[in-house]
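Structural characterization, general
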Amino acid sequence: MPVQVPAKTFTRAEVAKHNTEDSVWFIIDTVVYDASEFLDAHPGGEAVLRQVAGTDATVAFYNLHRHEVLEKYADLAIGSIEGEKPSIIAPVLGELSPVPYAEPLWLRPEFKSPYYKDSHRRLQRAMREFTDKYITPEAQERERDGQYISQELIDRMAKTGVLHMRMGPGKHLHGVELLGGVVDGKEFDYFHDLVCSQEGARTGCRGFQDGTMGGMVIGLTCILNYCHHNPALKKRVEDDVFSGRKKICLAITEAFAGSDVAGLRCTATKTPDGKHYIVNGTKKWITNGVFCDYFVTGVNTGKGLSVLLIERGEGVETKQIKTSYSTAAGTAYVTFDNVKVPVENLLGEENKGIYVILSNFNHERWTMCCGVIRNSRLVVEECLKWAHQRLVFGKRLIDQPVIRQKLAKMIALVESHQAWLEQITYQMCNMSYAEQSKHLGGPIALLKMSATRAAHEIADEAVQIWGGRGLTQTGMGRIIENFNRTYKFDAILGGAEEILGDLGVRQAMKFMPKAVL
Ligand code: HEM
């Protein structure tokens, strides 16, 4: 946001006089700052501010800080330089970035796209504003303090239908007012879903991204699709979760079995009267598990895998696991000790839980592709801005051919994956669920594998461009640091790259003609 500046004006000669022991003023982009009382508090130290006292410090400032620093310390601004206009373009809440390649091509007026209609564009604008206004500021705070999402933000997401939209298209959107009615729930398709996922991922805070009910995105689907035999339970859980009162997560992976879901050791044994299961075992890396009330849990029922809805209660314990991304994701180690679960809480059929779990995989992986490709783009934007303003060896970074080569590679990786993502999304919009399962499991797996390989390259090049700042959690390079530390979550969660690559080729082989070609 542009800094709010008092109406008072000064000449440059007046500012120049304030380079004394008691008075330190300087100019940043035609705005006059009085830093006399800020010298002690300045994180970069007093000496550097004294060195620029009385001068125009615009270049020095932008070489070292993000623009948002000025917004945070706006009360240091005392006026502006008479007759001059600012030249720095401050990011405006809800607006598109003017940086080339910072937005997908369909958002640039000079480019056309066959995929997006007016309702997608309306949703994009509303989601951008919602993210900039409510999600990003909280995301940055939670990344710093490691706390979980606030109930206030959950309530806001519930009231505006953002929570509902995170689940993708479906009946759960019918009759819900989505962000003031920008799109009709019945019209909501996978491109609307893509818009929501990509706009929501722009915070640059990967841990918090999962903290904003990532567990619901993968857990609640099982309730929506496999709880029809128990409508009362289905309604209760849906209402609880969509109203933001309670939280739900998917508890499948274990220390014993990660991507190999058939090897689960958490057991569920029926009581002699057949009314309950007794669940014993552990779950590891459960996103949002620490603060969840409902656990959609994969259990071994003797002859196979089953899925049970377990409510937090006696015998259920959760412990925070510290991972490379922030604790805001609420990643948990969960233990079930003789937990009594009514048989009515079985989702799908006994011993056939693998279908319940598999049913969710394509959408989960596709959502992760939306996120990692959008985050990669954010990194490209940051690198372009930095290379454009950073002066080294008397030149801007962008003036060095080696830097332009890196940027070219990063841009090409982002654009090609976005185009592939949109191509697959179009197929999702035009295929039945059965057709999607048959034809898109392989391509989505390959897309995710490739998008996270691209993220690996992008993270690597970005850190090289940013140097030490790309390794520092605060200040200019924080988005690069966060991305480099967390892109691996997308490469592992929802199926590791190797598993997905293998799946993609095996699926393709199913359609290979029998004859020797
Ligand atoms: C209104 C004016 C200013 C404010 C509010 C401000 C605030 C800050 C803040 C919050 C940081 C911590 C890092 C970050 O969050 O980016 C910082 C670091 C720093 N600042 Fe400033 N600053 C101002 C002006 C200046 C100027 C004019 C200079 C000098 C030439 C300067 C030199 C530095 C240096 C050298 C660092 C350390 C940078 C690093 O670790 O990479 N600051 N400043």
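None of the values given here were measured: they were computed from a predicted structure.

**Focus on the overall build of the protein chain**
- A tally of helices and strands in the protein chain yields 17 helices and 14 strands.
- Against the 2.2 N^0.38 benchmark of 24 Å for 517 residues, the protein chain shows a C-alpha radius of gyration of 26 Å, consistent with a compact globule.
- Counting every position in the protein chain, which comprises 517 residues, the buried fraction comes to 42%.
- Pairs at least 24 residues apart make up 75% of the contacts formed inside the protein chain by residues separated by at least 6 positions.

**What to know about the UniProt feature "domain: Cytochrome b5 heme-binding" (unreviewed entry) in the protein chain**
- The feature "domain: Cytochrome b5 heme-binding" (unreviewed entry), as given by UniProt, occupies residues 7-82 in the numbering adopted here.
- End-to-end, the C-alpha atoms of residues 7-82 are 10 Å apart, and along that stretch the chain is 28% helix and 20% strand.

**Concerning the sheet that holds strand E3 (residues 31-34)**
- The mixed open sheet is built from four strands, whose spatial order is E1-E4-E3-E2. The strands lining the two open edges of the sheet, one partner per strand, are strand E1 (9-10) and strand E2 (25-28).
- Sheet topology places E3 next to strand E4 (residues 77-81); three bridges connect them, and they run antiparallel. Looking at the pairing, Val31 lines up with Ser80 of E4.

**Some thoughts on the nonpolar core**
- If you look at the biggest cluster of nonpolar residues, it comprises 116 residues, and the most contacted ones within it are Val279, Val296, Leu308, Leu347 and Ala462.
- The leading source of residues in this core is helix H12 (residues 353-389), at 14 residues.
- Beyond its immediate stretch of four places on either side in the chain, Leu308 contacts Ala268, Tyr277, Val279, Thr297, Val299, Val341, Asn345, Leu346 and Leu347.
- Judged by nonpolar contacts, the second largest core, of 15 residues, contains Phe26, Val31, Tyr33 and Ala53.

**Regarding the site of the ligand**
- The full set close to the ligand counts 21 residues, and Pro43, Gly44, Ala60, Tyr73 and Gly475 are the nearest of them.
- Those elements that provide at least two residues to the shell around the ligand are helix H2 (46-51) and helix H3 (58-62).
- Here the shell around the ligand spans two domains, and each of domain 1 (9-81) and domain 4 (362-510) adds at least three residues to it.

**Remarks on the environment of Ser432**
- Within the secondary structure, Ser432 is located in the loop between helix H13 (401-429) and helix H14 (433-439).
- By the C-beta count within 10 Å, which is 8 here, Ser432 ends up exposed.
- Distance in space between the C-alpha atoms of Ser432 and Asn375 is 29 Å, their sequence separation being 57 residues.

**Here we look at the pairing of strand E6 (residues 267-270)**
- Looking at chain direction, E6 and strand E7 (residues 276-286) are connected through four bridges and run antiparallel. Residue pairing across strands places Thr267 opposite Asn280, the latter belonging to E7.
- Between E6 and E7, which pair antiparallel in sequence order, lie five residues; one of them, Gly274, sits at a positive phi of approximately 70 degrees.

**Quick word on unusual backbone geometry**
- Look at Met213: it is not a glycine, yet its phi comes out positive at around 65 degrees.
- Inspection of the secondary structure assignment puts Met213 in the loop between helix H9 (206-211) and helix H10 (214-226).
- For Met213, a count of 26 C-beta atoms within 10 Å puts it in the buried group.
- Here the phi dihedral of Asn288 falls at roughly 70 degrees; this positive angle occurs in a residue that is not glycine.

**Concerning the domain arrangement of the protein chain**
- Domain parsing of the protein chain yields domain 1 (9-81), domain 2 (107-212), domain 3 (243-351) and domain 4 (362-510).
- Relative to domain 4, the C-alpha centre of domain 2 lies at a distance of 20 Å.
- Secondary-structure elements contributing two or more residues to the side of domain 2 that touches domain 4 are helix H8 (190-200) and H9.
- If you tally residues by element for the side of domain 2 that touches domain 4, the top one is H8, at five residues.
- Residues of the side of domain 2 that touches domain 4, tallied by class, amount to six nonpolar, six polar and three charged.

**Some points on the pairing of strand E9 (residues 305-311)**
- Most of E9 is tucked away, with six of its seven residues classed as buried.
- Linking strand E8 (residues 294-300) to E9, which pair antiparallel, is a turn of four residues; within it Gly302 sits at a positive phi near 95 degrees.
- Pairing of E9 with strand E12 (residues 346-347) involves two bridges; the strand directions are antiparallel. Paired with Val307 across the two strands is Leu347, which belongs to E12.

**A word on the packing of H12 against helix H15 (residues 441-466)**
- At a minimum axis separation of 9 Å, H12 and H15 run at an interaxial angle of 20 degrees. Comparing their axes, H15 and H12 come out roughly parallel. The hand of the H12/H15 crossing is left-handed.
- Within the contact of H12 with H15, the residues separate by chemical class into 19 nonpolar, four polar and two charged.

**Concerning the packing of H8 against H13**
- Put simply, H8 and H13 touch, their axes get as near as 8 Å, and they point 140 degrees apart. Comparing the axis directions of H8 and H13 gives the class oblique. Touching Tyr190, Phe191 and Leu194 of H8 are Thr425, Met428 and Cys429, all from H13.
- Partitioning the contact of H8 with H13 into residue classes produces five nonpolar, one polar and no charged.

**Comments concerning helix H11 (residues 231-242)**
- Taking 1.5 Å as the rise per residue, H11 with 12 residues should run 16 Å; its terminal C-alpha atoms sit 16 Å apart, in good agreement.
- One or two steps after H11, the chain reaches Gly244, where phi turns positive at roughly 85 degrees.

Cut-offs and rules
Residues numbered from 1 in each chain as written. Predicted model: local features only at pLDDT ≥ 70, side-chain atom pairs only at ≥ 80, totals over all residues. Helix = DSSP H or I, 4+ residues; strand = E, 2+ residues; numbered from the N terminus. Rg over C-alpha atoms; globule rule 2.2 N^0.38 Å. Buried ≥ 20, exposed ≤ 12 C-beta atoms within 10 Å, placed from the backbone. Contact = placed C-beta atoms within 7 Å. UniProt positions renumbered as here; feature names shortened; annotations may be inferred. Pairing = 2+ DSSP bridges. Core = buried A, V, L, I, M, F, W, Y, C linked by C-beta atoms within 7 Å. Near = placed C-beta within 6 Å. Domains from an automatic or database assignment. Nonpolar A, V, L, I, M, F, W, Y, C, P; charged D, E, K, R; others polar. Axes fitted to C-alpha atoms, helices over the stretch in contact; angles between N-to-C directions. Parallel < 35°, antiparallel > 145°, perpendicular 65-115°, else oblique. Left-handed = near helix turned anticlockwise from the far one by under 90°. Expected span 1.5 Å × (residues − 1).

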